[in-house]
Amino acid sequence: MTDLQKLISEITQLNIIKAAFSVPYKKDELVKCTLRPMGEKYQFESFTKTQAFHENVEKNGLCNKIISLLTDSFRQAEIFTEEYVYGIKISSKGKVLHNRRRNTDVKKEDSNHNREKNHIIDLDNAPPVLCDIGVIGKDGKIINSRYDKYKQICRFVEFIDDVVKKDPREEYNIIDFGCGKSYLTFICYHYMTEIANKKVNIVGLDLKKKVIEDCNALAIKYGYDSLKFLCMDIKDYNPEVRPDMVIALHACDVATDYALYNAYRWQADYIFSVPCCQHEMNGKVKSDDFSLLCDYGLLKERFSALATDALRGKYLEFCGYSVDVLEFIDIEHSPKNVLIRAKRTTKINDKKRKLIKDRIDSFTKEFNANLCFGSLVFQNCKEFEAGNEKYSLVVGKSSMLLKDALTVRNAVFGNEQNYKAGSSRDKDDDTAWFAGIYDKEGRAVATSRMIYLEEKNERLLGKIAVLADYRKFGFGSVMLSALENIAKEENATKLFVNAQKGALGFYEKLGYEKCGNSYTEEDIEMIPVSKEV
Ligand SMILES: C[S@@+](CC[C@H](N)C(=O)[O-])C[C@H]1O[C@@H](n2cnc3c(N)ncnc32)[C@H](O)[C@@H]1O
């Protein structure tokens, strides 16, 4: 057995809390690697200059994995066990140099953290499900390797508590995107039901089938009947009811963007998101004027993370949220410690939106930072020209679009046609998609909507209202085609319109065909038409 094998085999007998590998043998390959326990396994996160890779290793493979890292990839390692910190260096001649010191941090935490009373979840009253998911041991103490996670979920709930205390609503619908083993989801359920005394429906969502099965089994075991877990991609989820709150703790990379985008398009009132691994930006960021920020792998990675979250905050502001970016937790408990906290507001005006959009655009241009959340928001917000004037098309589910649709519908169906069914607000407006066309002053000149029908794959488009002076530009078909695209994205297969008879030719040109008998509504002859998509 070599010196290295002997040393690592001794260390891996102990309880390893974390490790970091550095000083690569070869340039242009891995730049660093970290190790942390993940349940029964250990996760290695290796970084090249532009990407991160994850590998989970069983306890019995740990020794060989560390030896191979120190033989092939890195000259240096710092390995933390509960009692000691081991510093290891491989000299240029291959000699193994090592030292050991007491791990005073863990001792300090150890003596404190099992008695901490100042967390919102008091250990003496912590829900037993925390034992099942491996946060608390049978002795009622926090398991050492889970201490950081415990800190994080308590802190997260404290942020939720800040708003719940001030919000008088009695019932909350909450979605936890990328819930993983659901430490946060369970603790949030406990907080809502036992501490805040609210009625709550929580959905935890993750891609991992087995983890979701286990979480559902635990929800049943503890009679948490308004907590359920779904195995599904965040992209594909459509909630049955509008969520009051969307939470996401360390949802990887663009999973955070889909979580934020969903929260926006369902108009969730509160969003709490602690993002992680902002690879998307790191993979594409470049700049002529600020190239220094992108020259060194480590700085580029950190800058990309900050820039991504700065953009996410601004996209949310553009979408009508008031946003704070806060330190989530001390860096010693997680380097992923930025919290994006957002609250839906109706206060944003068009001038402010334009200003935000301009700032986003110039940042995006400077850093080549066309990011997922931005594309999702702005694919539904396009500028175009008609009659030598600039207009923008906005598609979404926002209260702003609803407000503007009601104004335009009132002008067209109400004042012009005296057609109440067209102008008035109905319950479908609460869940509808809207398309609106805005002139350069930000005034809505045309609007339309798409609603959900009972058949899951069917949609009804309609309430196309275009102000009189703007009827020559084809705005009706611009809006319809934007809404049809959304329907396709949501996997709808059939679209319906209740057309006014005078507009039948317009719909036929767009591929719609009569699909039912004509009828009269408030003296207007209507004909149902449909088309497959
Ligand atoms: C780093 S873990 C965080 C888990 C948990 N929130 C926590 O803090 O312990 C990220 C989780 O997001 C999930 N995830 C990533 N992309 C997803 C997607 N598109 N849809 C659903 N879940 C996703 C992963 O499966 C993983 O469990």
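The shown structure was predicted, so the numbers you read here are calculated from the model rather than taken from an experiment.

## Considerations on the overall build of the protein chain
- When its secondary structure is counted, the protein chain shows 17 helices and 23 strands.
- The burial tally for the protein chain puts 37% of its 533 residues in the buried class.

## As for helix H5 (residues 147-164)
- Counted at 1.5 Å a residue, the expected span for H5 with its 18 residues is 26 Å, and the 25 Å between its end C-alpha atoms agrees.
- Taken across its 18 residues, H5 has 13 buried, putting it largely inside the fold.

## Some words on the site of the ligand
- Around the ligand there are 17 residues in total, and Gly-178, Gly-180, Ile-234, Leu-249 and Ala-255 lie nearest to it.
- Among the secondary structure elements, those contributing two or more residues to the shell around the ligand are helix H6 (183-195), strand E9 (199-206) and strand E11 (245-252).
- Element by element, the count of residues in the shell around the ligand is highest for E11, at four residues.
- Residues of the shell around the ligand, tallied by class, amount to 10 nonpolar, three polar and four charged.

## Let's talk about unusual backbone geometry
- The backbone of Ser-182 sits at a positive phi, close to 70°, despite the residue not being glycine.
- With respect to the helices, strands and loops of the structure, Ser-182 is situated in the loop between strand E8 (171-177) and H6.
- The phi angle at Asn-388 is positive, at roughly 65°, despite the residue not being glycine.
- Along the polypeptide, Asn-388 turns up in the loop between strand E15 (381-386) and strand E16 (389-396).
- On the basis of neighbour count, Asn-388 is assigned to the exposed category, with 5 C-beta atoms found within 10 Å.

## Here we look at the sheet that holds strand E10 (residues 227-231)
- Reading across the sheet, the seven strands line up as E10-E9-E8-E11-E12-E14-E13 and stay open at both edges, with mixed pairing between neighbours. If you trace the sheet from one side to the other, it starts and ends with E10 and strand E13 (321-327), each paired once. Across the sheet, the mean angle from the axis of one strand to that of its neighbour is 15°, orientation sign disregarded.
- Contacts from helix H8 (residues 254-265) reach E8, E11 and strand E12 (270-276) within the one sheet, and its direction differs from that of E11 by about 170°.
- This element, helix H11 (residues 297-318), spans E12, E13 and strand E14 (338-344) of the sheet and lies at about 155° to E13.

## Remarks on the pairing of strand E20 (residues 494-500)
- Where strand E19 (residues 458-466) lies against E20, four bridges are found, and the strand directions are parallel. Among the inter-strand pairings, Leu-460 is bridged to a residue of E20, identified as Phe-496.
- Read as a crossover between parallel neighbours, the route from E19 over helix H16 (residues 475-489) to E20 is right-handed.
- Here E20 pairs with strand E23 (residues 524-532) via seven bridges, running antiparallel. Along E23, the bridge assignment pairs Lys-494 with Glu-532.

## A closer look at the domain arrangement of the protein chain
- In terms of domains, the protein chain is made up of domain 1 (3-102), domain 2 (168-368) and domain 3 (379-532).
- Centre-to-centre, using C-alpha coordinates, domain 1 lies 31 Å away from domain 2.
- Each residue belonging to the side of domain 1 that touches domain 2 can be placed in one class, and the counts come to two nonpolar, two polar and one charged.

## Some thoughts on the environment of Lys-314
- Residue placement: Lys-314 occurs in helix H11.
- Residues Lys-314 and Lys-357, spaced 43 residues apart in sequence, show a C-alpha to C-alpha distance of 8.3 Å.
- Setting aside residues no more than four positions away along its own chain, Lys-314 makes contact with Ile-356, Arg-359 and Ile-360.

About the thresholds
- Residues numbered from 1 in each chain as written.
- Predicted model: local features only at pLDDT ≥ 70, side-chain atom pairs only at ≥ 80, totals over all residues.
- Helix = DSSP H or I, 4+ residues; strand = E, 2+ residues; numbered from the N terminus.
- Buried ≥ 20, exposed ≤ 12 C-beta atoms within 10 Å, placed from the backbone.
- Expected span 1.5 Å × (residues − 1).
- Near = placed C-beta within 6 Å.
- Nonpolar A, V, L, I, M, F, W, Y, C, P; charged D, E, K, R; others polar.
- Pairing = 2+ DSSP bridges.
- Axes fitted to C-alpha atoms, helices over the stretch in contact; angles between N-to-C directions.
- Contact = placed C-beta atoms within 7 Å.
- Right-handed = clockwise from strand over helix to strand, strands pointing away.
- Domains from an automatic or database assignment.

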